Amino acid sequence: MLFCNRKNMELVCDESRVAKPRASFVLEKNAQLLVYKWLKSLCFLDGHASNISKLVNMEECRLYGKKSHDCHVFMQTLIPLTFRDLLSKGIWDALTEISHFFRDLCSGKLNVDHIERLETNIIETLCKLEMIFPPSFFDSMEHLPIHLSFEAKLGGPVQYRWMYPFERLDITVAI
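The structure reproduced in this document is the subject of the present report.

Parameters and conventions
- Residues numbered from 1 in each chain as written.
- Predicted model: local features only at pLDDT ≥ 70, side-chain atom pairs only at ≥ 80, totals over all residues.
- Heavy atoms only, no water.
- Core = buried A, V, L, I, M, F, W, Y, C linked by side-chain atoms within 4.5 Å.
- Buried < 20%, exposed > 50% of the residue type's maximum accessible area, 1.4 Å probe, protein only.
- Helix = DSSP H or I, 4+ residues; strand = E, 2+ residues; numbered from the N terminus.
- Axes fitted to C-alpha atoms, helices over the stretch in contact; angles between N-to-C directions.
- Parallel < 35°, antiparallel > 145°, perpendicular 65-115°, else oblique.
- Contact = heavy atoms within 4.5 Å.
- Nonpolar A, V, L, I, M, F, W, Y, C, P; charged D, E, K, R; others polar.
- Phe/Tyr/Trp six-rings, centres within 6.5 Å; stacked < 30°, edge-to-face > 60°.

**Some points on the nonpolar core**
(1) Moving on: With 32 residues, the main nonpolar core has Leu39, Leu95 and Leu129 as its most contacted residues.
(2) Moving on: Breaking this core down by element, the ones donating at least two residues are helix 1 (29–40), helix 2 (68–82), helix 3 (89–105), helix 4 (112–132) and helix 6 (145–155).
(3) Moving on: Take this core: its biggest share by element is seven residues, from helix 3.

Right under this line is the structure:
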């Protein structure tokens, strides 16, 4: 097998069963509970994000009812803070790089030199992520960040093109 040859992820055969080793990016149950407990205590300024503490289900270790803006806030700001002490340095570095990419891309002011640097760095970041996560994780959506920096170069800051302000408003129009 030439592709995705990871010795540490091969199945382990015992006398009576076959065991699948835990991936390096998977958190243990107590670490998951720490993350959800921290998210449960988290408060944001009004208008920045929804009340994430209401979205946390501690029993199932899941987040329910996130809107796209909440996912974006989680991706831009919370990932580097949340997983710094829980994941290995290589995995945390790759997640932090993708987080900073989206934060920089969504900033209010863009510099062409900085966008060109983002354009080259995102390719390396995605390669790092491909070395960590299995191939089944990647589809066409994971390829799109490569094009976002070029789109920002052509269209300017994303605040004028993305739909978050309109998603967050609850406006009804009478016909």
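From this point, the discussion proceeds with the structure in view.
**Side note on the packing of helix 4 against helix 6**
(1) Moving on: Interaxial distance between helix 4 and helix 6 falls to 8 Å at its minimum, and their mutual angle equals 175°. Between helix 4 and helix 6, the interaxial angle falls into the category roughly antiparallel. Counted together, Ile115, Glu116, Leu118, Glu119, Ile122 and Leu126 of helix 4 and Pro145, Ile146, Ser149, Phe150, Ala152 and Lys153 of helix 6 form the full contact between these two elements.
(2) Moving on: Of the residues that constitute the contact of helix 4 with helix 6, the class distribution is eight nonpolar, one polar and three charged.

**Quick look at the environment of Ser50**
(1) Moving on: Here Ser50 lies in the loop between helix 1 and strand 3 (56–57).
(2) Moving on: A residue is classified by how much of its surface remains accessible, and Ser50, at 28% relative accessible area, is partly exposed.
(3) Moving on: Contact partners of Ser50, with chain neighbours within four places excluded, come to Phe44, Leu55 and Asp70.

**Considerations on the packing of aromatic side chains**
(1) Moving on: This structure, assessed with the given rule, holds four aromatic pairs.
(2) Moving on: The interplanar angle of 85° and the centroid separation of 5.1 Å between the aromatic rings of Phe137 and Phe138 together place this pair among those described as edge-to-face.
(3) Moving on: You can call Phe137 partly exposed: its relative accessible area is 41%.
(4) Moving on: The rings of Phe25, Phe133, Phe137 and Phe138 are connected pair by pair, giving a single aromatic cluster.

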